[in-house]
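Descriptive structure summary
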Amino acid sequence: MKELLLRILRRKEIVVIIITIILFLILSIGASSTFLTLVNFESLQASIAPNAIVAVGMVILLITGTFDLSVGSVMGLAGAVTALVVSQGLPAVPSILVGLGIGLSFGFVNGFLVAYGGVNPLIMTIGTLYIGRGLVNAVMRGELRYGIKIDNPSFLVLGQGKSLGLYNMFWVMLVVVVLAQFLTLKTNPGRRLYFVGSNYEAARLVGIKVKRTRLLTFMLSGLLAALAGVLATSRFGVSSLYLGLNLELKIIISCLLGGASIAGGQGLVAGSFLGVLFLAMVVSVFNILEISPYWQNIIVGAILIFIVSLDAYLVTKRKKALGEI
Amino acid sequence: MAASDSEILVLEAIAKSFGVVQALKGVSFPIRRGEIHAILGENGAGKSTLVKIIKGELRPDSGRLFFEGSEVRVFDPLHANSIGITMVHQELTIFEDLTVAENIYPNNVFRTRLGIIDKRLMLEKAKEQLALFNLTIDPAEKIANLPLADQRIVEILRATALERKLIILDEPTSGLSESDVRILIELIKRLKAKGITILYISHRIAEVLELSDRVSILKDGSYVKTVDTEEVNSAELIHLMVGREVDLLYSKKKTVDRRGEGAFLTVQGVGKSGFVQEVSFSLYRREILGIYGLEGSGVEKLSHVLFGLDQPDTGSVAVAGEELRHHSTERMIRKGVVYLSNNRKQAGLFFGMSAADNMACPVLDRLSRRGILKRQEIQRYTEGFVERFNIVIPDVRTRPRNLSGGNQQKLMFSICLGATPACVILNEPTRGIDVGAKAEIHKFVLGLPEEDTSVIVFSSEIPELMALCDRVIVMKNNRIVDELAGKEIEEEKIMALAAGD
Amino acid sequence: MADTSIRQRRRQGLRNVDFGQYSIYIVTAVAFVFLALTRGNFFRYSNIYSLVFGLSMEFFLIVGITLLLIMGEIDLSIGSVFAFAGIFTGFLMWELEFPIWLAIPACLVVAGGIGFVNGFLVVRFRANSLMITIGTMILFRGLADVLINALKGITYPSEYRAIANFRIGGVNFTIFLMLALLVILEYLLVNHASLRKLYYIGENKLSARLYGVRVDRVKLTIFILTSVAAAIAGIFGASRSGQTVWNTGQGLEFKMITAAVLGGASLFGGRGSIVKSLFGLFLLAIILNGLVMYSVNPVWTNVVVGIALVVAIVFDSRVNRGSDKL
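Residues numbered from 1 in each chain as written. Chains lettered and ligands numbered in written order. Predicted model: local features only at pLDDT ≥ 70, side-chain atom pairs only at ≥ 80, totals over all residues.

**Section: the overall build of chain B**
In terms of helices and strands, chain B carries 16 helices and 22 strands. In terms of overall dimensions, chain B is globule-like: its C-alpha atoms have a radius of gyration of 24 Å, near the 23 Å expected for 501 residues. Each of the three principal axes of chain B carries a C-alpha extent, and together these read 70 × 50 × 45 Å. Expressed as a percentage of its 501 residues, the buried residues of chain B come to 47%. Across chain B, the fraction of contacts at a sequence separation of at least 24, relative to all contacts at a separation of at least 6, is 68%. (Helix = DSSP H or I, 4+ residues; strand = E, 2+ residues; numbered from the N terminus. Rg over C-alpha atoms; globule rule 2.2 N^0.38 Å. Buried ≥ 20, exposed ≤ 12 C-beta atoms within 10 Å, placed from the backbone. Contact = placed C-beta atoms within 7 Å.)

What follows is the structure, encoded as structure tokens:
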């Protein structure tokens, strides 16, 4: 028992866990009536669920040593397109499939060019970020730019309906997170992600199909981002130009907070969920303290800088201890 | 040609070309089951091409390959793996972030009935493998925490754990200290005892002589001969490889005592926590000083700290009488000290830039007037060195990546010496290059004192130190154990100091 | 035998280099001619002039990013610094009533500070410059927004607005500045010892260190320079627009990277040229101008730039990945 405790304490995510708990306590004590009301818990679910889903896709990419900056755009585009086809009369299920298909396509393009074309993933996904965001604007142009309204109830139930007291989309998220955590920890294909991220060349040499893994993980990331977009759009009942804007960086911060590293080979799905929770809490605190969105951005930027520096510092420290210059 | 039962791998007229370059010309010879079969040859002889074909990475243009009697038609590393052939590469291919057990079994096959990974079983099996070779490494340990030699051992275990029939080892002892080499050699002998056939690729003739049963020599893409190791000696092997009479590479130097000429570089109480403790010594003018130590003795870090690649925690380095306050490579170069890197693939060359650009780097100020580079002069400068060191290069605009290993090393030498340094720090000056180039480089180094240059040589090959140095410093456990001069420089004595109690 | 192979490889290598080196000029020329022939509005003095004028202000941005790319680094905060600098100068003059000759240097100093932070973190902690500068980008975009909010939509003071409008012989001085600096900088980049070091650093950082290049110091300097240059561009930009604008400079960083990569700079370091980057920028400007000429809805602008970026980096990978880089 003591060994287990010691092992938990040594993990770097422990800081985040502690701060999350502290924040939670502060909020519940300090702003009790505002924070712990049912309403707030509900809105927390709504903001966490899509983000956590995207984070699963992102942390998997981080584990394999890469990442995807286009997830925000994909989320927005999938939401917009789905809203468009639903409002044109297509039934719920096919519409959702269309949205997911967009995510898969973007993921395919990203993954194919990165894995088989050898393109730098960061700049590549910035390119698709741009294309995606542009397409959102193209889809929602003219009068549509204020939002495409959705009437289809069977579609709306996804985001607005509840089962057993929790939002449907929250359940979806739980399934995704738990499944992903299980697969990455306990199954071969999941563990292989760590091998690929830890040493890409070596993984290739032991027979792991690294290029295919890259392609598939990018497609998964796109798919999950699209799923998040569909859910969020369903929740609000209307599409938005701003859905997913600047999301990718917040997601990356969440994953890094949860123990992932830009260098690859590390990270846990559960950690990314923790990170999303933490960030959601921080944003809650901001909103309660009525900090303007501009200052929120400033703080997010500062946090990102801090975490990236810290991550880099730790990696460098480890390398130096091994004698590297 | 039917393969007999005792021959596990038969090569028949294997040929392979890359464009106009014929890497292999009709190579044919058999490898017997259960033997340790070494392949020797200079760089460019075709060793790596041959090995790549055996392990399935390349397809031969013509010829046939028979493994265990049946012809190999599919050339794919995974296929080779599945029929029983595997290779351990020269560059480490470990998974740093993962444990020893996961490194031994990367394609984890231990599943419970539910399809999930059985971690306990994997650890048990890993322990078994380790025990088979009398190793005390903890399988649950993160591999990043192990020393280099152990990491390499784990890599070899990855091959054995798969119960492969043929294991190809490519320079397995490269970068290891003598005692670790011994551990590895013992391990390899035990592999043989288990009936595994081993293909051993190495430049180190002494190891080849000790370990192998038979040796096949390649020269210029052609097969020369296979000999029984018992029936040859080092000189004969070299002769077969190089085809010319080469003076025994490692004759002991006639040392010179330079203490009277005063110290050029003095190291005083230098320490770097975890790596080096209180090291003090002097390099005298025009002497060649060797520094030797096993893995973990601190020599690698000492070389970094010496040149300013890393900062010492304590102590100081003084060059030409002046103590350096803020140590940096730039200051060392300005004081006339240069450093030859021990890993030219990683540092020391600019592979994508022309040879002339490479040469110009440390002396940019000298080759420019008020900051503007003088192209003609850079060209002349480079050509001068090409001639002086016999570098085989078509044009000064050629990039190092198009040169052979030996010529790359010579280019690196030129870059350093071009700065007309007062002192050269050589780190493994002849690692990974063939016999011919090795001899040339030794000749240059021996000639340096006559040009008023002092030399420090870090090398893991004791015979090389014996051939080059006037004095040898031996390190152990992060400290200097002793200094040997003149007649005292003997292989056994050095080893005793470095490894003994 | 070995000699023939080297010679042959060299011939093949030359073929690669030749194509890559001049392709940007060719493509730009083709695009230019195409538009000139198919759209009457394109080849008018006022249109071309405004393209060139725009270039002359973005020039400063492209200089910094090219130098960084040569070293194998990147700075995504230049768009935000661009926006921030323009507004900050206006803020200093409007709210704090700084005279212009104080406001601008003060702004440049602050920009230098931003560059210092970027460079310091990258150099000292070996942090990934992409991620760090994304953080800086968000941070200073936020600051810029705060300032715009504080200023509540003003028109900048006339001296400020005059900068961009200053003309010599009917041509904006920024164009002269650009041409002069272009020639000087490119010449120095090719021939001056200290700028040569950038290529060494980008090609192999460790080798450069071994041979006495102060890698850390050089990188830090270029990061600072890049931010200051971005600030200069931002001041010109703000001066030109004359009033506070939301989302100014949004997406500039990607446009610059696209331009530089189109012009032959590589994300892997070791290559780049200011002239060619500028041509890359010119090509982009022509393409975007062409979209307008063909009455394409402006929402497609982002998509086009994104596609151009993807195309550019795919080519970059095909051509440059083969080098001996990790």
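From this point, things continue past the structure.
**Observations regarding the overall build of chain C**
Across its full length, chain C carries 13 helices and 2 strands. The C-alpha atoms of chain C give a radius of gyration of 21 Å, which matches the 20 Å a tight globule of 326 residues would have. The buried share of chain C, reckoned over its 326 residues, is 51%. Long-range pairs, those at least 24 residues apart, make up 77% of the contacts in chain C between residues at least 6 apart in sequence.

**Some points on unusual backbone geometry**
For E428 of chain B, which is not glycine, the phi dihedral falls at a positive 50 degrees. Of note, E428 of chain B is situated in the loop between β19 (423-427) and α14 (435-447). The phi angle at R126 of chain C is positive, at roughly 55 degrees, despite the residue not being glycine. Its location among the elements puts R126 of chain C in the loop between α4 (100-125) and α5 (129-151).

**Concerning the pairing of strand β13 (residues 288-293) of chain B**
Residue and element names in this part refer to chain B. By the criterion of burial, β13 is predominantly enclosed, with 6 of the 6 residues buried. What you see with β13 is no split at all: I288, G290 and Y292 on one side and L289, I291 and G293 on the other are buried throughout. Examined bridge by bridge, β13 and strand β20 (residues 454-458) share 4 bridges and lie parallel to one another. Among the inter-strand pairings, I291 is bridged to a residue of β20, identified as F458. (Pairing = 2+ DSSP bridges.)

**Describing the nonpolar core**
With 357 residues, the main nonpolar core has V54, V56 and M58 of chain A together with L61 and A230 of chain C as its most contacted residues. Top contributing element to this core by residue count: helix α12 (residues 210-236) of chain A, with 14 residues. Discounting residues that sit within four places of it in the chain, L61 of chain C has contacts with I78, F82, A229, A230, A233, L252 and M256 of chain C. (Core = buried A, V, L, I, M, F, W, Y, C linked by C-beta atoms within 7 Å.)

**Quick word on helix α5 (residues 71-87) of chain A**
Residue and element names in this part refer to chain A. The end-to-end C-alpha distance of α5, which contains 17 residues, comes to 24 Å, matching closely the 24 Å that a straight helix rising 1.5 Å per residue would cover. Counting buried residues along α5, 14 of its 17 residues qualify, which places the element largely inside the surrounding structure. G89 lies just past α5 and shows a positive phi near 115 degrees. (Expected span 1.5 Å × (residues − 1).)

**Some details on the sheet that holds strand β8 (residues 197-201) of chain B**
Strand pairing within a sheet occurs via backbone hydrogen bonds; the two strands may be parallel or antiparallel. Residues and elements named next belong to chain B. Overall, mixed pairing links the 6 strands, which are arranged β6-β7-β8-β3-β9-β10 in an open sheet. With one partner strand each, in any of the chains shown, β6 (85-88) and β10 (222-228) form the two edges of the open sheet. For this sheet, the mean angle separating the axes of adjacent strands, direction not counted, is 20 degrees. Both strand β3 (residues 36-40) and strand β9 (residues 214-219) contribute to a ladder of 4 bridges, which runs parallel. Among the inter-strand pairings, A38 is bridged to a residue of β9, identified as V215. The strands that helix α6 (residues 178-193) touches are β3, β7 (166-170) and β8; relative to β8, the one it contacts most, it runs at about 145 degrees. (Axes fitted to C-alpha atoms, helices over the stretch in contact; angles between N-to-C directions.)

**Considerations on the interface of chain A and chain C**
Facing 35 residues of chain A, the contacting portion of chain C comprises 37 residues. At the level of elements, α7 (121-139) and α15 (293-321) of chain A are the ones that each hand at least two residues to the side of chain A that touches chain C. In terms of residue count, α15 of chain A provides more of the side of chain A that touches chain C than any other element does, 14 residues in total. In the side of chain A that touches chain C, the residues fall into 22 nonpolar, 11 polar and 2 charged. (Nonpolar A, V, L, I, M, F, W, Y, C, P; charged D, E, K, R; others polar.)

**Topic: helix α8 (residues 193-203) of chain C**
The element α8 of chain C is largely enclosed, with a buried count of 9 among its 11 residues. Turning to α8 of chain C, its buried residues number three or more, namely L195, R196, K197, L198, Y199, Y200, I201, G202 and E203 of chain C. Buried residues along α8 of chain C sit in contact with β18 (372-373) of chain B together with α2 (45-70), α7 (173-191), α9 (205-210) and α10 (215-241) of chain C.

**Considerations on the confidence of the model for chain C**
Residues and elements named next belong to chain C. Chain-level pLDDT for chain C is 86 on average; 91% of the residues reach the 70-or-more range. When mean pLDDT is taken per element in chain C, α10 scores highest with 95 and helix α1 (residues 2-38) scores lowest with 63. Scored below 50 in pLDDT, residues 1-18 makes 20 contacts in the model with residues more than four places away or belonging to other chains. Quick note on the complex model: pTM equals 0.80, ipTM equals 0.82. (pLDDT = per-residue confidence, 0-100.)

**Re the sheet that holds strand β15 (residues 322-323) of chain B**
All names here are of chain B. If you trace the 4 strands from one edge of the open sheet to the other, you get β12-β11-β14-β15, paired in antiparallel fashion. Where the open sheet ends on each side, the last strands, each with one partner, are β12 (276-284) and β15. Bridging between strand β14 (residues 314-319) and β15 involves 2 bridges; their strand directions are antiparallel. Bridging from a neighbouring strand, A318 pairs with E323 of β15.

**Describing the environment of L218 of chain B**
Along the chain, L218 of chain B turns up in strand β9. Among residues more than four places away in sequence, those in contact with L218 of chain B are I39, G41, A45, G46, K47, L50, Y223 and V224 of chain B.

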